[in-house]
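Read off the chains here:
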Amino acid sequence: YESVEDIETLRMVVEDRQKQFNESSKILKLTLVLFEDALMHMMRIGRLLAMDRGSALLVGVGGSGKQSLTRLAAYIAGAFTFQITVTKTYNQTNLFEDIKGLYKMAGFKGQKVCFIFTDSEVKEEGFLEYINQILMTGEVAGLFPKDELDMIVNDIRPAMKKAEPGTVDTWDNLYNFFMGRVRNNLHVCLCFSPVGDAFSRRASQFPGLINGCTIDWFLPWPLQALTAVSSKFIGDFPMACSDDAKEGLQLHMGEVHNKVTTACTEYFERYRRRAYVTPKSYLSFISGYKELYSRKLSEVKVLADKINSGLQKLFEAKADVNKMKGELAIKNADLAEAQKVSANLLKEISAGTAVAEKEKAKVVVIVDSVTAQANEIAAVKEDAEKDLAEAQPAMDAAVEALASITAKDIGALKALKKPPDIIKRIFDTVIVLRMKELHKVGWIENKGEMVIDGSYDIAVKMMSDSKFLDTLLSFPKEQINDETVELLQPYFMSTDYSFESAQKASGNVAGLCNWTKAMCTYHEIAKVVEPKIASLRAAEGELKIAMKEKKVAEDKMAEVQANLDKMQKQFDEAMAEKQRLEDDALATQRKMDSANALITALGGEESRWTQQSQEFENQIQRLTGDCAMASSFVSYLGPFNKEFREVMLTRDFYGDCVNRSIPVTENLDVSKFLVEDAEVGEWNLEGLPTDELSIQNGIMVTRATRYPVLVDPQGQGLVWIKSREEKNSLRVTSLQERQFRNHLEDSLSYGKPMLIENIEETLDPVLDPVLEKRHVRKGKGFLIALADKEVDYCETFALFCTTRLPNPHYSPEMSAKVTVIDFTVTIVGLEDQLLGKLILKEKHELEEQRLALIEEVTNYKKKIKQLEDDLLFRLSNSTGNLLDDTELIDVLAVTKQTAQDVNEKLIVATETNSKITEACEEYRPVAHRAALVYFLIAEFTTVNCMYQTSLRQFNELYEASIDLSEKATMPSKRIANVIEFLTYHIYLYIQRGLFERHKLIFALMLTNKILISAKSVKPENVNIFLKGGGSLDIASVRKKPKDWLPDAAWLDSVALSSNPIFFDLQDSIYRNDGLWRQWYDQEAPETAKVPDYEEKITKFERMCIVKAIRQDRTLIAAQDYISDALGRRFVESVPLNMETTWSESNPRCPLICLLSPGADPTKLIEDLAKRKKIKVLGVSMGQGQEVIARKYQTAASTEGQWVLLQNMHLGLAYLMEVEQFLVKAEDLHEEYRLWITAEPHPQFPIGLLQMGIKITNEAPVGMKAGLRNSYSWVSQDMLDVVQRYEWRQLLFIMCFLHSSVQERRKFGPIGWNVPYEFNQSDLSACTQFLQNHLIEMDAKKASQPTWATVRYMISAIQYGGRITDGMDELLMDTYVDKYFHLAVLEKEYEVFPGYNVPDTTEIGVFRQAIENLPTQESPEIFGLHTNADLT
């Protein structure tokens, strides 16, 4: 050991080791705050680990740090830490395997081993026996088989020789050496919780847990420790507050935890509901605070930036508007000057335009004349050109033919000495056309025709010219005259002067033939065209002159127009400038108007934003306290009801903040601080009730840092979660489902929400790493270890758990891992829901309109929030001058206008909703009565665990009551009808499932609630009635006047004196001692006059005085009180009608018969099945009967039979399977029914009870009720089965006797020495015997029954078969002797004063006579003294 000089040095060393541990551990990280207590615990554990055979029993609530400190101590001590991983299939074999591994490590390696074992790992109590053996002897029975032991002994030999060389290595020595090393090195650290009776029971059953361990109690963390933890996490946390406020916050956090711890005890004392907070809850609180504060601070800062930026833009816009006013005045002056300039220019342009118009008229005349002349010339030209065009094809052909002649062709001709005549003549025509000299013309004959003889030699000379062909191509055809043409005619007249003949003679030179003809043709046409061309030329000359005149006129006009255009340009420029100035002024005005409109529209926002801006600093300061309250609320207040939440928020959380001068908002509404109205509206639309508690619960579900567990007996939270998460692919499962593990892994991997419904008081250990969020990063994703398997983890995963248990007791360990939220419906919330259902039936259009309006209002609120955010965002994020961005101004204006419109619609919708709500309020008394009844039913489960009724069942009864109650035109009458019918209808349904001893109590509680609600009775007076003087001490109150008054009665009288009516009760008893004693001694004091108070007390007050002084008559007085308040029918017994009960059921609704001594409904079920002709498959449950039951279930559900599971309290494990079968089975036969008989048991599944119809079949209380019950069983057919009147007489006597023997049981040992289970089967057997006996008597014509036989059969055989006591046998014989003799056959026989046998054959008359019997009977009717009632 090293000496520790001071605690700080030790803390530094341990913190350094903790850092090393975290560096070496990949998955588990320790973030322990090492305050003094934690260091002390760690040192104790460390010393135990350093000692041989040192083991520890660490006792403290879950989350105290037991396991974490043990791990740290083990790391420092160099011990290997081991903890078992519990799975669904973990059993003794797995535990043995784990222990073997530890033994081998400690024994062979000599390694120190720290074995951490917690109470949550005690999957079987048998595990503790093995731990006990480890601690006591180290030898676990059956741990190692013989062959493994031999191997161990052999393997340990080298180690023993080294450690103890002088010891002989016998088997025993080796084994003892191994076990010695194991015991020295294996350190068991038990981490147990002291909560509940499990710890004390285990300590007594397994002494090794105490004797073999050093006990270290982990007491609740002191305030110093809590403050140290908060300082550790908050000290370095950046906050926008003063150091004093931060220091106060750290102290406040510790104080909050302490106050909640105290409140848990107070809550249990007041409401008998358990709630726990642990150090782990405290850490979660601090973590939640940091997260909330960071988020809220960021939101406020972002909002502040936006608002300040937006305000800056608005202020800049205002300044710009003022600046624009000056600019606009200058622009208007410029605009006026520009208007003057443009007006002067307009005058000048007008004068110039007149001159220009005159010139323009002159030019138009000239232009028109020239144009007409040009048109005429064009016509002539066109005609000439048309004529010339006729010769053009021939000319084109001639030119083409001419072009085909080459110099070579001409050279060939020149070489001919004697060319063909046609060639000569062709060349002569060319010579003529060229006007060259020819020889004198001579004629020669050619083929019988005279032709001219050509001058070829001249032609040869002509061809010698190198430009001969070019001369022809450019021949001036216009020079041809008529004489030339005439000279050519003789040549053309010859028949062979053609292209074809010439071609034959000289090839290509034949083209000259066509050319000469074409020249002549052209001349003939040109001769006609020439005059036209001449006149055309003359006209064109005139046109040239006219065109010159036109040009002069046009030039002058252009000059005028240029001047005009110049002035127009100046005018246009002036007008453009004017327009620019106008547009600029208009734009400036429009911009100013838009800015003014926007500034005016945003006036409300400006003032609000300005106020907010001024408040931001204060708001940021108040965040310190506001977030503390909100985080305390979310982290701690889930398990508490609304009243406790309000008290703790105001008294504890807010009060402490004020006392410590922590800035906090006065009267902070935590709900509004944590969530926006729009989001709450969405929750309501998804199915969350609208009351304040439900909204708080919704906040906890969505804002808590730990996964929520909803205490949801009515299933409203379940419905909301399913609706809310449906869009996210919610996976609904239960712990009993076979595929639960697969569902969990899939949800974790894909990040889908998972809902585990109907959990009990524990969760599967496989969920522990999920609840504690022990996920580690691997690559880009996360992994989480589920027992023996690593699974991918997605951050969008969410887990919800719900339970139907109305008052679950969750351990501190589980409370530390989850956020427990009490989702129990409130009377206000339920009343609103029930009112909605009623209005939907009575005024469905109003309710539909209201629901639509609620959705509309929610959407409006959401839209307004979006618009306001958008407005602020656009305003604050605009760049440059706001007034320059007209588009933004327009958008802002539209946004603001839309927000105003939506606000107006919201106001209208809210007003309409208020009117509808007001119209619906008329029907609220019905909903209020129904809510009262439901809460009484819910509270009554504390009387007996089997009295479970689901909200779904209640809603069905409620809606049926509305449908079946009497209609009325007047709303007030209709409301009264519904209330009356509803109260009795639901009462009948509930009392059918209550034991007889509880029916009157239920009716009394119902009456009290109704009268308290009507303010006819005060709640404090009811409390006095219920509690009496139980809390008073006889020695500390006024001395009682006389000894005749029992102490208890006097104490009750003293307590009753606090009721204003009875303020002088004690004095009255002193004054009128004789009268009070006389009243006390009355047989029925409830009907006698009460001394001094008779004239001034109500029925309730009479019941109070009876309860105080004659407690034995309380229930009788209560009957009178109930009858007066609700009606006689609420105190009269209602016989069980099996057929009606069956008709209310369905294949998924089991009928659950609650068993009690003497009440077995099997016979009634079988009789009903016979009448319905349905087969009943019955099995009495017990070990191994589940197989048969399962087979029956499968067969009956498909074939339409009934299954009767008897004594199910002996097969509770199978009931969970039955529930799953009814919920999930598909296509159940319509006739299938499940009947269950069971004694009350706390482990009976609540779900099954809430699904089913409960039935009791006890004998009713009282002779009248007993006879009524018997005659509900007797039918008209039974009366008619024997025609003799003796049969009806004896049947009534038999039923009377049956009721008598049953009623005597209520007197205890005075009635029967042994409480026998006389039941309906005894009456049935006796009735059957009497029936057979009288039929036989009738057959024998006997005058009377054989009385000895009758008495013997009834007394000794039927009823006597149950009787074991001799005195009871004598009593039974006496009864039979009294009721079965000749005198009873007299008509109208009086069995007891007031009880006559009706003389009739009609069952209805019998039943009516029974209804006329006295409600209360004297004990004398049973043969007892009147004082027997005192028992």
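Relevant structure appears above.
From a predicted model like this one, the values you see are computed outputs, not experimental measurements. (Residues numbered from 1 in each chain as written. Predicted model: local features only at pLDDT ≥ 70, side-chain atom pairs only at ≥ 80, totals over all residues. Heavy atoms only, no water.)

Novice: In this structure, what is going on with the overall build of the chain? I would like to understand it.
Specialist: Broken down by element type, the chain carries 53 helices and 22 strands. Whereas a compact globule of 1431 residues would reach a radius of gyration of roughly 35 Å, the chain reaches 59 Å, over 25% beyond that. By its C-alpha atoms, the chain is 195 × 110 × 85 Å across when sized along the principal axes. Counting over 1431 residues, the chain shows a buried share of 49%. As presented, the chain carries roughly 68,100 Å² of accessible surface, and 52% of it is formed by carbon and sulfur atoms. (Helix = DSSP H or I, 4+ residues; strand = E, 2+ residues; numbered from the N terminus. Rg over C-alpha atoms; globule rule 2.2 N^0.38 Å. Buried < 20%, exposed > 50% of the residue type's maximum accessible area, 1.4 Å probe, protein only. Areas by Shrake-Rupley, 256 points an atom, 1.4 Å probe, with all protein chains shown as cover.)

Novice: Teacher, can you tell me more about the sheet that holds strand S11 (residues 775-778) here?
Specialist: Read across the open sheet, the 3 strands follow the order S11-S12-S13; overall the sheet is antiparallel. What marks the edges here is a single partner per strand, and that holds for S11 and strand S13 (789-793). The average angle at which neighbouring strand axes cross in this sheet is 40°, direction not considered. Of the strand pairs in this sheet, S11 and strand S12 (residues 781-786) are connected by 4 bridges, and their pairing is antiparallel. (Pairing = 2+ DSSP bridges. Axes fitted to C-alpha atoms, helices over the stretch in contact; angles between N-to-C directions.)

Novice: Any chance you could explain the packing of helix H44 (residues 1186-1199) against helix H45 (residues 1212-1224) here in plain terms?
Specialist: Axes are the key here: two packed helices are described by the angle between their axes and the distance separating the axes. Two numbers describe how H44 lies on H45: the axes approach to 11 Å, and their chain directions differ by 15°. Regarding the angle of H44 to H45, the classification is roughly parallel. Seen along the crossing, H44 lies across H45 with a hand that is right-handed. Of H45, the residues touching H44 (which contributes Glu 1186, Ala 1189, Arg 1190, Gln 1193 and Ser 1197) are Tyr 1214, Glu 1217, Val 1218 and Phe 1221. Here the contact of H44 with H45 is built from residues that sort into 4 nonpolar, 2 polar and 3 charged. (Parallel < 35°, antiparallel > 145°, perpendicular 65-115°, else oblique. Left-handed = near helix turned anticlockwise from the far one by under 90°. Contact = heavy atoms within 4.5 Å. Nonpolar A, V, L, I, M, F, W, Y, C, P; charged D, E, K, R; others polar.)

Novice: Would you mind showing me how to read the environment of His 1229 here?
Specialist: Within the element layout of this structure, His 1229 appears in the loop between H45 and strand S19 (1233-1238). What makes His 1229 partly exposed here is its relative accessible area of 30%. For the pair His 1229 and Pro 1147, spaced 82 residues apart in the sequence, the C-alpha separation amounts to 7.1 Å. The contact partners of His 1229, leaving out residues within four places of it in the chain, are Pro 1147, Ser 1197, Thr 1198, Glu 1199 and Gly 1200.

Novice: Would you mind showing me how to read the pattern of salt bridges here?
Specialist: Charged atoms that come close allow side chains of opposite charge to pair. Following the criterion strictly, the structure yields 65 salt bridges and no others. Where Asp 656 meets Arg 660, a salt bridge forms, and the shortest distance between an N and an O atom there is 2.9 Å. Close ionic contact of Lys 1224 with Glu 737 constitutes a salt bridge, the shortest N to O distance being 3.1 Å. Here Lys 1224, found in helix H45, pairs with Glu 737, found in the loop between strand S9 (731-733) and helix H26 (740-750); they are 487 residues apart in sequence, far enough to count as distant. (Salt bridge = Lys/Arg side-chain N within 4 Å of Asp/Glu carboxyl O.)

Novice: Can you walk me through the side chain of Thr 70 in this structure?
Specialist: Mapped onto the fold, Thr 70 is located in helix H3 (residues 66-77). If sequence neighbours within four positions are ignored, Thr 70 has contacts with Ile 45, Leu 49, Leu 58, Cys 114, Ile 116 and Cys 189.

Novice: How do you make sense of the nonpolar core when you look at a structure like this?
Specialist: With 129 residues, the main nonpolar core has Trp 1076, Ile 1105, Leu 1205, Trp 1235 and Phe 1244 as its most contacted residues. The residues touching Leu 1205, leaving out its near neighbours within four places in the chain, are Val 1179, Met 1181, Ala 1189, Tyr 1214, Val 1218, Leu 1234, Trp 1235, Ile 1236 and Thr 1237. Phe 35, Val 256, Ala 263 and Cys 627 belong to the second-largest nonpolar core, a separate cluster that totals 96 residues. (Core = buried A, V, L, I, M, F, W, Y, C linked by side-chain atoms within 4.5 Å.)

Novice: Help me understand the sheet that holds strand S8 (residues 708-711), please; the structure alone is not making it clear to me.
Specialist: As a general point, the strands of a sheet are linked pairwise by backbone hydrogen bonds and lie either parallel or antiparallel. Strand order in this open sheet of 5 strands is S9-S10-S14-S8-S15, and the pairing throughout is parallel. Each end of this open sheet is capped by a strand with a single partner; those strands are S9 and strand S15 (819-822). Adjacent strand axes in the sheet meet at a mean angle of 20°, parallel and antiparallel pairs treated alike. Here S8 runs beside strand S14 (residues 798-803); their pairing, made up of 3 bridges, is parallel.

Novice: Help me out: how do you make sense of a nonpolar patch on the surface in this one?
Specialist: Nonpolar side chains collect at one region of the surface, where Ile 210, Ile 215, Trp 217 and Leu 219 lie side by side and expose about 370 Å² of accessible area between them. Within the secondary structure, Ile 215 sits in strand S5 (residues 214-217). (Patch = residues over 30% accessible without salt bridge, like charges linked within 9 Å, V, L, I, M, F, W, Y side chains within 5 Å.)

Novice: How do you make sense of the side chain of Lys 1264 when you look at a structure like this?
Specialist: By the secondary structure assignment, Lys 1264 is in helix H47 (residues 1263-1273). For Lys 1264, the side chain forms a polar contact with the main-chain oxygen of Glu 1411, separated by 3.0 Å. Apart from residues lying up to four places away in sequence, Lys 1264 is in contact with Glu 1132, Ile 1410, Glu 1411, Leu 1413, Pro 1414, Thr 1415 and Glu 1417. (Polar contact = N/O pair within 3.5 Å; in protein donor to acceptor, adjacent residues only side chain to side chain.)

Novice: Just to check I follow, could you spell out the packing of aromatic side chains for this structure?
Specialist: Geometry of an aromatic ring pair is reported as the spacing of the ring centres plus the angle between the planes. All told, the structure shown has 54 aromatic pairs when counted by the stated rule. Between Phe 108 and Phe 178, the aromatic rings sit 5.4 Å apart at their centres with planes inclined by 45°, giving tilted as the arrangement. With Phe 108 in helix H4 (residues 92-108) and Phe 178 in helix H7 (residues 171-185), this residue pair connects regions lying 70 residues apart in the sequence. The class of Phe 108 is partly exposed, set by a relative accessible area of 26%. By way of ring pairs, the aromatic residues Phe 940, Tyr 947, Tyr 984, Tyr 987, Phe 995, Phe 1002 and Phe 1130 are connected into one cluster. Directly above the aromatic system of Phe 268 lies the positively charged group of Arg 274, at a separation of 3.6 Å from the ring centroid. Over the ring of Tyr 1285 we find Lys 1387; its NZ or CZ atom is 4.9 Å from the centre of that ring. (Phe/Tyr/Trp six-rings, centres within 6.5 Å; stacked < 30°, edge-to-face > 60°. Lys NZ or Arg CZ within 6 Å of the ring centre and 35° of its normal.)

Novice: What exactly am I supposed to notice about H26 here?
Specialist: An α-helical turn contains 3.6 residues, so any two residues separated by three or four positions project in the same direction. Within H26, the full set of buried residues consists of Phe 740, His 743, Leu 744, Glu 745, Ser 747 and Leu 748. Tucked inside the fold, the buried residues of H26 contact S9, strand S10 (753-756), helix H27 (768-771), S12 and S13. Remark: Gly 751 follows H26 within two positions and exhibits a positive phi of approximately 70°.

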